[in-house]
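Each chain, written out:
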Amino acid sequence: MAKLKAPPEIDLERLNEIVNEHALKRWALIPLVQEVQAEFGFIPPRVVPIIANKLHLFPSEVQGVVSFYEQLYTEPRGRNIVRVCRGTACHVRGGKTILKLVKRQLELEENETSEDLEYTLETVACLGVCALSPTMVINNQVYGHMNPKKVKELFKREGES
Ligand code: FES
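Calculation criteria
- For every chain, the first residue of the written sequence is number 1, and numbering continues from 1 onward in sequence order.
- Side-chain atom pairs in this predicted model are given and counted only at pLDDT of 80 or more, local residue features only at pLDDT of at least 70, and totals for whole chains, interfaces and linings cover all residues.
- What marks off one domain from the next here is an automatic or database domain assignment.
- For every element, the axis is a line fit to its C-alpha atoms; helices are fit only across the contacting stretch, and the angle between N-to-C directions ranges from 0 to 180 degrees.
- Under the DSSP-based scheme used, a helix requires at least four consecutive residues in state H or I and a strand at least two consecutive residues in state E, with every element numbered from the N terminus.
- For classification purposes, angles smaller than 35 degrees are called roughly parallel, those larger than 145 roughly antiparallel, those between 65 and 115 roughly perpendicular, and all remaining angles oblique.
- What makes a crossing left-handed is the near helix being turned counterclockwise from the far one by less than a right angle; a clockwise turn instead makes it right-handed.
- Whether two residues are in contact is decided by their C-beta atoms, placed from the backbone, lying within 7 Å.
- Between any two strands, pairing holds if DSSP finds at least two bridges.

**Here we look at the domain arrangement of the chain**
Thought 1: Split by domain assignment, the chain resolves into domain 1 (12–68) and domain 2 (80–154).
Thought 2: Just the C-alpha atoms count here: the centres of domain 1 and domain 2 sit 33 Å apart.

Okay, structure coming up:
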C-alpha cells in the first residue's frame with residue numbers, strides 16, 4: 001500500500017454547482033465548505049479563491065475558516081481513520097511498538113493517507129481508555145490491549161494468512 005502522493009482531481013463542474021447554490025450568501029460560508037468537504041472528502045486549497053469570489057469575500061477570510069475548524073480538511077483522508085494512542089499509559093505498555101507495527105502494516109507514516117484512500121494514519125495524545133492500553137481506534141471502534149498479533153489481524157492484506 002503506497003502513500004498518496006498527489007490529491008485526486010475534483011469535479012469542477014460539481015464544485016461550481018455547489019458554490020453557485022450559495023453565491024453571495026456570506027453567512028453560508030461554513031455550510032458551503034462543509035458541503036464541499038462532504039462531496040469531495042476534503043477542501044482542496046485551489047477552491048478557496050473560487051469560494052471567496054462567489055461569496056464576495058477575501059480568500060484569506062475563507063482560508064481562515066477552513067484552517068480554524070479541526071473538522072475541515074485540506075488534504076484527502078482515507079475511508080478509515082486509524083488513530084494510535086501515544087499517551088503515557090499506552091507508551092509504557094508497548095504503544096510505541098504498536099505504532100511501529102501499524103506503520104509497517106499500512107506502509108504509512110503519521111498523517112499520511114494511502115494511495116487507494118483506504119487509510120489515514122494519525123496519533124492521539126490519549127484516547128481516554130487508558131485501562132485498555134495500549135489502544136488504537138479505527139473510525140469509532142476502540143481496540144484495546146493491542147499486541148502484534150492483533151495489529152496483523154486488523155490489517156491483514158489480501159493473500160496474507
Ligand atoms: S494513554 Fe492511551 S488511552 Fe490513555
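**A closer look at the packing of helix H3 (residues 48–55) against helix H4 (residues 59–68)**
Thought 1: For the pair H3 and H4, the least separation of the axes is 8 Å and the interaxial angle reads 120 degrees. By the criterion of interaxial angle, the relationship of H3 to H4 is oblique. In the crossing of H3 with H4, the sense of the turn from one axis to the other is right-handed. When H3 is examined against H4, the residues Val48, Pro49, Ile51 and Ala52 are found in contact with a partner set consisting of Pro59, Glu61, Val62, Gln63 and Val66.

**Some points on the packing of helix H1 (residues 12–21) against helix H2 (residues 29–40)**
Thought 1: Where H1 meets H2, the closest approach of the two axes is 10 Å, and the angle between their N-to-C directions is 155 degrees. By the criterion of interaxial angle, the relationship of H1 to H2 is roughly antiparallel. Every pair of crossing elements has a handedness; the one defined by H1 and H2 is right-handed. Between H1, through Arg14, Leu15, Ile18 and Val19, and H2, the contact on the second element is made entirely by Leu32, Glu35, Val36 and Glu39.

**Comments concerning the pairing of strand E3 (residues 119–124)**
Thought 1: The sheet contact formed by strand E1 (residues 80–85) and E3 spans six bridges and is parallel. Residue pairing in the sheet places Val82 in a bridge with Leu121 of E3.
Thought 2: One ladder, built from two bridges, connects strand E2 (residues 112–113) with E3; its direction is antiparallel. Of the residues in E3, the one forming a bridge with Thr113 is Thr120.
Thought 3: The hairpin turn running from E2 into E3, its antiparallel successor, is five residues long, and Leu117 in that turn takes a positive phi close to 60 degrees.

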